Structure formats: structure tokens, C-alpha cells
Amino acid sequence: ANFELHYAIRTRDRGAYWQQLVERYGGHRIKIYCDAEGDAIPLARLLGTQPLGTHLYVCGPSGMIDGVLKAGLNAGWPEQNLHSERFLSSLPGKPFAIELLRSGKTVKVGHHESMLEAIEAAGVDAPFLCRGGACGQCETGVVTCDGKLLHHDVYLTSEEKASGRKVMICVSRFEGNTLHLDL
Ligand code: FES
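The rules behind these values
Residues numbered from 1 in each chain as written. Predicted model: local features only at pLDDT ≥ 70, side-chain atom pairs only at ≥ 80, totals over all residues. Heavy atoms only, no water. Disulfide = S-S within 2.5 Å. Buried < 20%, exposed > 50% of the residue type's maximum accessible area, 1.4 Å probe, protein only. Phe/Tyr/Trp six-rings, centres within 6.5 Å; stacked < 30°, edge-to-face > 60°. Helix = DSSP H or I, 4+ residues; strand = E, 2+ residues; numbered from the N terminus. Pairing = 2+ DSSP bridges. Axes fitted to C-alpha atoms, helices over the stretch in contact; angles between N-to-C directions. Domains from an automatic or database assignment. Core = buried A, V, L, I, M, F, W, Y, C linked by side-chain atoms within 4.5 Å. Contact = heavy atoms within 4.5 Å.

In this section: the state of the cysteines. By the definition in use, this model includes zero disulfides. The cysteine Cys59 is free of any disulfide, with Cys130 supplying the nearest cysteine sulfur at 11 Å. Residue Cys59 is classed as partly exposed on the basis of its relative accessible area, which comes to 42%.

This is the structure in C-alpha cells:
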């Protein structure tokens, strides 16, 4: 694929793999910005000069991710072209039950348990990859939702979250009477 990597590090001796990346892919693709040398990613210029249809993927400290995504939206990028990875963990919450329509099982989700963990414990094979709300693998269809979905992922768009038709079972939760999942 045609790509550029813009990689910000604090110091050269603490930046993981930057030399190997430059050696393997070349300086025209891999741009290193070293804080100790006064460099910073020229975000506004980069966001304003990409061809239409470009996708952006950002990973790093939470404040940086928020800043990049906000700058992308302000620069007119469509939300579905902006991707981030945060390595979230599932948050605790009130216990609830879910009905798995295809497997015909009712699963109780405990206070400190994610839906995915509870589903696995019930012997149902659910897809997953990151277990952190970022990759999209565990996206599950919501059949009926008599209550409120608590979306904690960074994968679904705001529109998809508002539709109530999908949920990322690795990090999101539910409050209410019944949640029926297509699983
Ligand atoms: S497993 Fe990656 S978003 Fe849920």
C-alpha cells in the first residue's frame, strides 16, 4: 500500500525501531520528529495536503490521539477515514444479562467482566482481536435493546453508536432490561 508514517519520539535513543523503519521503508515514507531536537509533526500541513480518500491511523498518548482526530475533523476529513488505537480495557459496571439469539443462550455479565469474557465463559466462540475497542473484530449486531448501550470503543462512528444496532462486546456495556445479540 502507499503509505507515510509520521513518528514522533522524545529522544532518538528512546524511540523504538525508528532506525529499522527508516532502513526498511526509506526516508521518503518514514518521517521522524524528535522532541529533543525541537521537531513536531506538521499536522495542519499534512492533513491539508492528502489526496481525497486517504485514511489516517493514529496511536499514542490519549491527548495526542484526541488532538489528531479533532484536527482531522476540523480539516474536513470524514469520520470514517480517521482511525485510532488506544489499548482500552473494559470498564466495570452494573451486572446485566444478554440473550444470544443464534446460540440460544442467556449469559450473565458480572460487575468486573466484559460481555466478551462472559460470552467466552459460556462456551460461545465470539470473534476478537485487540480486546481493547479498536480493531473492529468483535463487532456484534444488536437485535433488540430495551435499555441503554454504553459504548466505550473507538471503532464505531458516532452515527453507528447512536443507531443502537451494533456493539463492540470487548469493552462496551449495557444498562437496562434486555439486550438481544445476533450471536
Ligand atoms: S476485539 Fe477489537 S474492538 Fe473488540
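Quick look at the packing of aromatic side chains now. Note on aromatic pairs: each is described by the distance of the centres and the angle between the planes. In total, this model carries two aromatic pairs according to the counting rule given. Their ring planes at 80 degrees and their centres at 5.5 Å tell us that Phe3 and Tyr25 sit as a pair that is edge-to-face. Of this pair, Phe3 sits in the segment before strand 1 (5-9) while Tyr25 is found in helix 1 (residues 18-25), placing the two residues 22 residues apart along the sequence. The exposure class assigned to Tyr25 is partly exposed, which follows from its relative accessible area of 35%. Ring centres of Phe96 and Phe174 lie 5.8 Å apart, and the angle between their planes is 70 degrees; on these two criteria the pair is classed as edge-to-face. Placement of the pair is Phe96 in strand 5 (residues 96-100) and Phe174 in strand 9 (residues 173-181), with a sequence separation of 78 residues.

It is worth spelling out the sheet that holds strand 9 at this point. Pairing within the open sheet is mixed, and its five strands lie in the order 6-5-9-7-8. If you trace the sheet from one side to the other, it starts and ends with strand 6 (105-109) and strand 8 (166-168), each paired once. The mean inter-strand angle of the sheet, taken between neighbouring strand axes irrespective of direction, is 40 degrees. For strand 5 and strand 6, the ladder comprises five bridges, and the chain directions are antiparallel. Within strand 6, the residue paired with Phe96 across the bridge is Val109.

Here we take up the pairing of strand 9. Relative to strand 9, strand 5 is paired through three bridges, and the arrangement is parallel. The residue of strand 9 that forms the bridge with Glu99 is His180. Summarising the sheet, strand 7 (residues 139-150) and strand 9 pair through eight bridges and their orientation is antiparallel. Across the sheet, Thr144 pairs through a bridge with His180, a residue of strand 9.

Another aspect to go through is the domain arrangement of the chain. The domain architecture assigned to the chain consists of domain 1 (5-85) and domain 2 (96-181). One C-alpha centre belongs to domain 1, the other to domain 2; they are set 31 Å apart.

Our next topic: the nonpolar core. The nonpolar side chains of soluble globular proteins are, as a tendency, buried together. Membership of the largest hydrophobic core comes to 24 residues, with the highest contact counts inside it found for Ile98, Leu100, Met115, Ile119, Ile169, Leu179 and Leu181. Where this core is concerned, the elements lending two or more residues are strand 5, strand 6, helix 4 (115-121), strand 7, strand 8 and strand 9. Broken down by element, this core gets its largest block of residues, four residues, from helix 4. Not counting the four nearest positions on each side in its chain, Ile169 is found in contact with Ser114, Met115, Leu116, Ile119, Ala126, Cys138, Thr140, Leu181 and Leu183.

Our focus in this paragraph is the environment of Glu85. Tracing the sequence through the fold places Glu85 in strand 4 (residues 82-85). Considered as a pair, Glu85 and Val154 are 69 residues apart in the sequence and their alpha carbons are 7.3 Å apart. Aside from chain neighbours lying at most four places away, what touches Glu85 is Val58, Cys59, Gly60, Ile65 and Ala134.

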